[in-house]
Every structure is written in structure tokens, then in C-alpha cells.
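# Notes for the structure review
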Amino acid sequence: MAKKLNMRKRYELLTRGLGWETTYQPKEKVFPQETYEGIKITDWDKWEDPFRLTADAYWKYQAEKDKKLYAVIDSFSQNNGHLNLTNASYINALKVFIQGVSPLEYGAHRGFANLARQFSGEGAQIACQMQSIDELRHVQTQIHTLSHYNKHFSGLHDPFHMHDRAWYLSVPKSYFDDAHSAGPFEFITSISFAFEYILTNLLFVPFMSGAAHNGDMATVTFGFSAQSDESRHMTLGLEIIKFIVEQHEDNLEIVQGWIDKHFWRAYRVLGIVSAMQDYMLPDSPMSWKEAWEIYFVDNCGALFKDLARYGLRMPKFHEQATDEAEHLSHQIYTAFYQFSHAAAFHTEVPTKEKMDWLSEKYPNTFDKYYRPRWEMYAQMEKEGKRYFNMGLPQICQVCQVPMCFTEVSKGKPMDLSYRVSEFNGDKFHTCSDGCKEIFEHEPEKFAHAWLPPHQIFQGNCGGAEIPDVLKYYHFNPEDGGDYKGSTDEASWKAAHGIVDDENSTHEKSA
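Residues numbered from 1 in each chain as written. Predicted model: local features only at pLDDT ≥ 70, side-chain atom pairs only at ≥ 80, totals over all residues. Heavy atoms only, no water.

## Some remarks on empty space enclosed by the protein
Heads up, the rule is: Computed over the protein atoms alone on a 1 Å grid, cavities are sets of points where a 1.4 Å probe fits but cannot get out and pockets are open sets with protein on both sides within 12 Å along at least five of seven lines; a residue lines them when it has an atom within 4 Å of a point. Grid points are joined across faces, edges and corners, and a volume is the space filled by probe spheres set on the points. For helices the rule is a DSSP run of H or I covering at least 4 residues; for strands it is a run of E covering at least 2, with both sets numbered from the N terminus onward.
Across all of its chains, the model carries six cavities of 30 Å³ or more by this definition. Lining the largest cavity we find 13 residues, and of these Asp 49, Phe 51, Ala 127, Arg 232 and Leu 236 sit closest to its centre. Secondary structure elements with two or more residues in the lining of the largest cavity: α6 (122–150) and α11 (217–247). A total of five residues in the lining of the largest cavity trace back to one element, the largest contributor, which is α11.

## Considerations on the environment of Ile 456
For the record, the criterion: Three labels apply to residues, based on accessible area from a 1.4 Å probe with only protein chains included: buried if under 20% of the type maximum, exposed if over 50%, partly exposed otherwise in between.
As for its placement among the helices and strands, Ile 456 is situated in helix α21 (residues 452–457). You can call Ile 456 buried: its relative accessible area is 13%. Measuring from C-alpha to C-alpha, the distance between Ile 456 and Leu 69 comes to 41 Å, with 387 residues separating the pair along the chain.

## Brief notes about the layout of surface pockets
Heads up, the condition is: Note on residue categories: nonpolar means Ala, Val, Leu, Ile, Met, Phe, Trp, Tyr, Cys or Pro, charged means Asp, Glu, Lys or Arg, and polar means any other residue, Gly included.
One number sums up the size of the largest pocket: a volume of about 640 Å³. For the largest pocket, the lining is made up of 29 residues, of which Ser 89, Glu 348, Val 349, Thr 351 and Lys 484 are closest to its centre. Looking at the lining of the largest pocket, the elements with two or more residues in it are α13 (271–280), β1 (346–347), α17 (352–361), α18 (366–382) and α23 (487–495). Broken down by element, the lining of the largest pocket gets its largest block of residues, four residues, from α17. Partitioning the lining of the largest pocket into residue classes produces twelve nonpolar, eight polar and nine charged.

## Some words on the nonpolar core
Our working rule: Residues belong to one nonpolar core when they are buried, are Ala, Val, Leu, Ile, Met, Phe, Trp, Tyr or Cys, and are joined through side-chain atoms within 4.5 Å. Only heavy atoms enter the contact rule, under which two residues are in contact if any of them lie within 4.5 Å.
Tyr 168, Leu 199, Trp 292 and Phe 336 are the most contacted members of the largest nonpolar core, which has 136 residues in total. When residues in this core are grouped by element, the largest group, ten residues, is from α11. Once residues within four sequence positions are removed from consideration, Trp 292 is found in contact with Leu 199, Leu 202, Phe 263, Tyr 267, Val 297, Ala 321, Thr 322 and Ala 325. Within the second largest apolar cluster, five residues are counted, among which are Ala 57, Tyr 58, Ile 126 and Met 130.

These values are about where atoms sit, not about what they do.
Okay, structure coming up:
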């Protein structure tokens, strides 16, 4: 009787000896992207995937997870689980997630499918194929989960169209466009290591915990269904970095440059997450600053101590990112508040309870710099002058965030951070030393960035007036603006029997 093969042996049969051995065409023509970045691979057989997943095991695990996930989604929908949320303002965090993050999952699906074709090593091909399928599954489960909310709330109806056009969604889109337009080794360093390994916990863990704190068990379930996949993705990112630098000494400097670049680019994308976490969750389990301390300062500090044996160091400008943890969410959400009339989500002045929570979490900065601003906006709103910025902001040429950051690392937290570079006789504006350095390393690439305010001024976004632009974005009139008085607030109150009068808000008596 034949002895049953163990997981390692089955994985070796899957990933060794099944590669494409070229005959009538040279290898560099069959895998044209594998060499032009300057990365030297001497032996793909030294690639080892710690998970060693085979196809039969993969489908079994994923089928079990999907069975549990869709049972929860079905139960949530049948029992009108959305009525158990803290309140409808929480939905704005889901709007930003489905508009900004879910399309990135699909972008990752496409990117890793391309990597599976461009890498000649069988082990890396299999790992990338499985991650590609994972990413497609993630975007599908997110759409299926949040489709329930689309029946009851605004701003969730066309996220992929919005993602390709809207001004605030150009921030995550430009990051993935940057990675997609690079070579395969830079792409996997950008997505698998700089984003997945270093920073993904800052997105998924606090956000899913926040969903639980606000009664959103459907979102909790799709998040944790994805987390076992994320652990594989993080491991892939770590292993590919180690593999590349072990293959040839010339690879080290190239990889370190990519880590520096894509850490900063991914960090700027996560500024949106900081605003979601601190301001859009009515009940937040932790602040952005606390999450940064745990998942970056502590965890990544330990990671790079381990990677020092390979010659790798912490990403450049990480100290500035840590300095900004006291300020990031407040600055990003202020920009959202000013421009939410041109967005597919609602914003509002933080409640007294939320501001007291922010004071507790940011004792060194919130009361000194940001509470007075919110109190001013609250007074303006009380006087019927709710503030909306009706201009178009200057945005960074690289990260595409409006120029809202300040010179925190220079001890000037009220001075706007602003940098200028020149290329081919034109001036280009960036928000920080990190973005300036990225631009000046690849000016030919970033000079061609698609910048929403510039495109609006040129008439390429539906027209010159705000209604024309919002129609181009597929935004409806009820999608944006202030949460108070919105259709979301009105439908929430109606569903819970809440009546407003001039002096109080109370529930109808039975």
C-alpha cells in the first residue's frame, strides 16, 4: 500500500518541476518583466512558502469560511441587523471603506494574477495565484456584506465608478496605480510588504473591532474571514523580501529604496483610515495614535530588528509618521468636514462625548489645537453658517491628499507643510519631505499624475459647476453634506421612532 504523502511532499509536487522550460524562445522574452528592474534571481528553487498550501487544501479551507460567513450575512439581513447599530453616522465609515478600500482589493487581485505570470519560479507563481484568488474573494464578500446597507442608506450605490473619479478616492487609487505601473518585484514589495506586512493591521484590526463596538456583526465577520488570508499575505510579503535580498547582494539597495517609497505612500493612504477610526466610529475601541504605537512602533520596530541581519533598516521618514500620529486624524477629518458637500459620505462636528474622548486620547494636542476649531465650527453651524469650503484644494503631486498637513516634526504644528520641486520647467507641489523625495526620484512618472482639482479646472470631470462634477462622480444630492438633516439620519430616526422638537429629541411612547 502506498504511503500517504504529507503536506510538504504534496506542496513540492505542486511547485517543483512543473515550470515553463523555454525552448525556441529565450527565457527573458517569455518572462520579460523579471529582469528589467535590476533584481537578480539566481535560484527560484530556494523560494519557500511557509504555508505550503496545496490546491485541495486551499479550496477546502475557503469553502468552510464562506459557509460560515454567508450564514452570518443572511441572518444579519433577515433580522434587519442594521437597526442594531450605534447610530446611522457609523455608516459613513462603511461608505469610505467600500469606496476606497474594496476597489484596492480588486486591484490587488489583478496585480497578483500578473505576478503569477511574470515570475518564473513555480513556488512564487502558486503563492501569487492563491493571493490573487483571495483578493477577489475579499472584494466579493465586502460587496455582498455591504449590499444590505445599500438598501437603507445613501452613498453605497456605485463605489467602483466613484473610486476611479472622485477627488478623495484618488488617494488610494494613485497608490495602487503607482504599484501597478511598476515592475513585478516593486509591486510585490509595495503591496505584500509595505502595505500588507507593515501597515495592514492598522486598517483591519481597529476597523473590525470598531465594527463590533458599533453593533455591525456582518462587517466583523467578513473582516475576520479575511484575516486568515491576510496572515498568509503578510508572510508572503516577508518571505519575498528575505528571498530577494538573499539571492544577490546587488538587490539590497533596490529593495530598501522600494520599502522607503511604498511605506510612505501607504502611510499617506492610511490617513483616511485614521479619520474613520477617530471620528467616524461613534464608539471607537482605540485611537489612531494607540493603534500606531501597537502595530507600527512596537511591532514593526521588532520586525526591522530581525531584518537587520539582511541589511535592511526601518523605512525612511518613519520618525515623521510617528510624530504625526498626534495630529493626522484631526487634520484629515477637518478636510473631509470642509469638503463633504462634494463627497459620498456625511460629516459632522464631533459630539461633546466624542470630543471628550479625543481629549483623553490626545491629551497633548486635541484641546490645544483642535477643540477650538470644532467649537468654532459648531458655533457657525448654530448660526446657520455651516462651513463648506467651496474652492478646490491644492493637492500633493504624489499622495494626492489636500495640503492639510503641518510641520509637526519641525515643532510647528500650525504651519502648513509645503514643498516645491521643478521638472522640465514646471513647478510641482508636494506635502512633505517624503513625497518630495519620491517625486524627485521618479519625476517623469509623477509629473503625469491625474490630479482631480486640475482635471476639474480643465473641464474633464463633467463640467465647471459642482452639480456637474457630482453627476460625473455618480453622487446623488443626498449622498454628501452634513449628517444632521441628512436622509440617513431621517430614516434612522423614523425606524427607531425618534421624534425631534425644538427642545429635545425623544422616542415615541408606546
